[in-house]
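# Structural description and commentary
Residues per chain are reported as follows:
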Amino acid sequence: MQGNSRKIFVVHTDLDGVCSGAIAKRAFGNDLKIMFAGPRTLYNTLRKIKGCDMLGIVDVALNHSDYEMIEKEIQRLKGSGCEVIWIDHHEWVEGDKKISQYVKLILEKSPSAASILYRTFLQNDEIAKKIAEIADDGDSNRNELELTLAYKIGTRNNRERLELINMFSKGVFYNEKVETWKRQVEEENKIIDDLVNNANIFNSTSGLKIAIIDLRGKRLIGSLLAKKLQQKGVDITFILYTHTSGVLYGDGKVNLLNLALKYNGGGHPSACGVNFKLSFFDRVLTIVNKKHIPAEAKKLLKDLKRL
Ligand SMILES: [Mn+2]
């Protein structure tokens, strides 16, 4: 059970985060409490923690605009006697690294954050090594291991994320649940192939091929869709996941981070999130028409066209 453990790990909501949680459990004990967050929800997640002896934050970048608030929460937790370790592999705004005066900050270039955790704490653990390999395979979007995409399906809600963490931490990598997710991958693959064939692709000023995909209201592995478009010669894929959020996937020709920062996002140079503020009109129009593209998303499309 999660219970009132004094050891807490806050991990990202994706497969890398799940793998990080599983490795953390092997390293710091099965009674470790796991919480899930993303850069935008980290502040609210930290606020829920009353006190702890040890807090790990893994695979969640510090959202630059939240710096002051996050720093306050970290100071509060430190004051309660909590040791904080923060491990990440996303790009951080240089100045935000000063959080290291309060926390043990490990920022490394690595295919996944889970593999940093593995190298730092569990070098000689074969199961942790395998978990780290899954994280590397998934987060780099190679998806070459047989079950990586199935595991990605298993990271869509907290209940299944915790199931995966418990499985992995015990060295279980396959069971009936994984089989169900595997069949789901096959289903989604068909829909994804359809979307790839009918994608709206245009050229930017410098001749980059850019695809726009509206996945609002659909549950699909966006990273797989982006990868398949890339294999068709698309340089940048923008996926709109909700009215207020999307992800930019690139093939490495352009660093997309500056664009992501402009739209209150971040991540990696070739895979980064963006977040939109909706105007009053956008809010009304998205209720009336689920396909309405919010103004900030349109602005991002213009920026992409200018690349
Ligand atoms: Mn990651």
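See the structure above.
Residues numbered from 1 in each chain as written. Predicted model: local features only at pLDDT ≥ 70, side-chain atom pairs only at ≥ 80, totals over all residues.

### What to know about the overall build of the chain
Within the chain, the regular secondary structure consists of 12 helices and 11 strands. For the chain, whose C-alpha radius of gyration is 19 Å, the value lies close to the compact-globule estimate of 19 Å for 307 residues. The principal-axis extents of the C-alpha atoms in the chain amount to approximately 50 × 45 × 35 Å. A total of 307 residues make up the chain; the buried ones form 39% of that total. Considering only contacts within the chain whose residues lie at least 6 apart along the sequence, 62% involve residues at least 24 apart. (Helix = DSSP H or I, 4+ residues; strand = E, 2+ residues; numbered from the N terminus. Rg over C-alpha atoms; globule rule 2.2 N^0.38 Å. Buried ≥ 20, exposed ≤ 12 C-beta atoms within 10 Å, placed from the backbone. Contact = placed C-beta atoms within 7 Å.)

### Focus: helix 8 (residues 176-197)
Between its first and last C-alpha, helix 8 extends 32 Å over 22 residues, near the 32 Å set by a 1.5 Å rise per residue. Residues Trp181, Ile192 and Val196 constitute the buried set of helix 8. Looking at the buried residues of helix 8, the elements they touch are helix 6 (148-153) and helix 9 (222-231). (Expected span 1.5 Å × (residues − 1).)

### As for the nonpolar core
Judged by nonpolar contacts, the single largest core of 76 residues is most densely connected at Cys19, Ile23, Val58, Ala114, Leu117, Ile131 and Leu248. Looking at this core, the element that brings in the most residues is helix 1 (residues 15-28), giving six residues. Taken domain by domain, this core gets at least three of its residues from each of domain 1 (7-174) and domain 2 (193-305). In contact with cysteine 19, not counting residues within four places along its chain, are Ser112, Ala114, Ile131, Ala132, Ile134, Ala135 and Phe168. (Core = buried A, V, L, I, M, F, W, Y, C linked by C-beta atoms within 7 Å. Domains from an automatic or database assignment.)

### Considerations on the environment of isoleucine 116
Relative to the helices and strands, isoleucine 116 is located in helix 4 (residues 113-121). Isoleucine 116 sits in the buried class, given 24 other C-beta atoms within 10 Å. Taking the C-alpha atoms as reference points, isoleucine 116 and tryptophan 86, separated by 30 residues in sequence, lie 11 Å from one another. Setting aside residues up to four positions removed in sequence, isoleucine 116 forms contacts with Ile87, His89, Ile106, Glu108 and Ser110.

### What about the sheet that holds strand 10 (residues 266-268)?
Pairing is mixed across the open sheet formed by six strands, whose spatial order is 6-7-8-9-11-10. Each edge of the open sheet is held by one strand with a lone partner, namely strand 6 (200-203) and strand 10. On average, each strand axis in the sheet is inclined to that of its neighbour by 20°, with strand direction left out of account. Pairing of strand 8 (residues 236-242) with strand 9 (residues 245-250) involves six bridges; the strand directions are antiparallel. (Pairing = 2+ DSSP bridges. Axes fitted to C-alpha atoms, helices over the stretch in contact; angles between N-to-C directions.)

### As for the pairing of strand 3 (residues 54-58)
Along a regular strand, successive side chains alternate from one face of the sheet to the other. Across the five residues that make up strand 3, a large majority, four, are buried. Pairing of strand 3 with strand 4 (residues 83-88) involves five bridges; the strand directions are parallel. Residue pairing for strand 4: valine 58 is matched across the bridge by isoleucine 87. After leaving strand 3, the chain enters helix 3 (residues 67-79) and then returns to the sheet as strand 4, a path that is right-handed. (Right-handed = clockwise from strand over helix to strand, strands pointing away.)

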